[in-house]
Amino acid sequence: MRCFVAISLPSSPLLAKVKEECTGMGRQVESKNLHLTLKFLGELSGVDSLRRSLGEIRQSSFTVTLMGLGAFPNQRRARVLFARAGPEKNLNELAREVDEKTKEVPLDHPFTPHITILRSKGGRDFTEVIARYRDVIFLEHEVRYFSLYESILKPTGPIYNEIERYQLM
Ligand code: ATP
Ligand code: MG
């Protein structure tokens with residue numbers, strides 16, 4: 001199964017506003033699917049050992065802040081529009097621990113804390129919306145746990161199933 005480790009996040013009125021302003025620019029991430037990926041694991045034959053080792057992580061809960069927008073691979077021809085997430089220290093530390101506990105799966109990208117809002121196949125220019133929301137705080141949310149998810153890709157969009165939840169301290 002296709003798996004990833006992530007922090008699930010609620011939407012907010014300002015995130016909904018960005019989505020509304022980007023109508024027609026791509027496929028929007030449904031509110032129930034908003035998440036911050038700590039590590040993409042990809043196709044796994046089994047999750048038993050991984051599931052156990054992730055349970056060894058001991059880290060404190062913290063407040064995540066979503067502030068400002070960004071785009072991959074660049075603002076003018078973007079395939080992904082995202083909200084930036086912080087604080088970097090907590091997120092980097094948690095991502096580093098998740099990577100360490102899942103060492104058998106190599107990390108293909110360096111970790112960039114972000115929440116995908118919209119995906120655009122052809123590549124779109126998001127320069128304006130990114131400038132308009134510079135330094136805007138979209139959400140402040142207390143992170144009490146992270147989760148191991150299975151992702152089932154459907155033509156209508158992905159379905160994420162929570163396999164296990166790991167509490168922070
Ligand atoms: P879709 O592929 O239909 O657009 P999705 O990207 O949300 O949906 P997945 O491809 O299963 O679903 O990805 C799950 C999560 O892992 C997403 O946050 C995605 O951005 C991230 N992800 C996917 N592939 C990679 C990768 N190669 N490296 C890092 N992160 C990835
Ligand atoms: Mg994908």
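Please refer to the structure placed before this passage.
Residues numbered from 1 in each chain as written. Chains lettered and ligands numbered in written order. Predicted model: local features only at pLDDT ≥ 70, side-chain atom pairs only at ≥ 80, totals over all residues. Heavy atoms only, no water.

### Let's talk about the packing of aromatic side chains
Taken as a whole and assessed by the stated rule, the structure comprises five aromatic pairs. Ring geometry for F72 and F82: centres 4.5 Å apart, planes at 35 degrees, overall tilted. A residue pair is termed long-range when its members are at least 10 positions apart, and F72 in strand β4 (residues 62–72) and F82 in strand β5 (residues 78–86) qualify at 10 residues. F72 sits in the partly exposed class, given a relative accessible area of 28%. Residue F82 is classed as buried on the basis of its relative accessible area of 4%. The ring of Y145 carries the charged tip of R165 above its face, separated from the ring centre by 4.0 Å. (Phe/Tyr/Trp six-rings, centres within 6.5 Å; stacked < 30°, edge-to-face > 60°. Helix = DSSP H or I, 4+ residues; strand = E, 2+ residues; numbered from the N terminus. Buried < 20%, exposed > 50% of the residue type's maximum accessible area, 1.4 Å probe, protein only. Lys NZ or Arg CZ within 6 Å of the ring centre and 35° of its normal.)

### Examining the site of ligand 1
Taken together, 13 residues lie around ligand 1, and R2, H35, T37, S151 and Y160 are the ones closest in. At 2.6 Å from an oxygen atom of ligand 1 is found a side-chain nitrogen or oxygen belonging to H35. R119 has a polar side-chain atom sitting 3.0 Å from an oxygen atom of ligand 1. Against a free-state accessible area of 590 Å², the protein chains account for coverage of 77% of ligand 1. Counting residues per element, the ones that place at least two in the shell around ligand 1 are β1 (2–8) and β3 (35–43). With three residues, the single largest contributor to the shell around ligand 1 is β3. (Near = heavy atom within 4 Å. Polar contact = N/O pair within 3.5 Å; in protein donor to acceptor, adjacent residues only side chain to side chain. Areas by Shrake-Rupley, 256 points an atom, 1.4 Å probe, with all protein chains shown as cover.)

### Notes on the nonpolar core
Ranked by size, the top nonpolar core spans 45 residues in total, and within it I7, L69 and F146 carry the most contacts. Considering every element that reaches this core, the biggest residue donor is β4, with five residues. Each residue touching I7, except ones within four places of it in the same chain, is listed here: L34, H35, L36, L38, F62, L91, L94, V143, Y145 and F146. (Core = buried A, V, L, I, M, F, W, Y, C linked by side-chain atoms within 4.5 Å. Contact = heavy atoms within 4.5 Å.)

### Some remarks on helix α1 (residues 13–21)
If you check which residues of α1 are buried, you get L15, V18 and K19. Along α1, the residues classed as buried sweep out an arc of 100 degrees about the axis, all on the same side. Away from its buried face, by an angle of more than 90 degrees, α1 presents the exposed residues P13 and E20. On its buried face, α1 is in contact with β2 (27–28), β4, β5, β6 (114–124), α4 (127–132) and β7 (137–143). (Arc of directions from axis to C-beta.)

### A closer look at the environment of L69
Relative to the assigned elements, L69 resides in strand β4. Looking at L69, the relative accessible area reads 3%, which means it is buried. Note: C-alpha distance between L69 and I137 (68 residues apart in sequence) is 9.8 Å. Among residues more than four places away in sequence, those in contact with L69 are V18, L81, F82, A83, R84, I117, V129, I130, Y133 and F138.

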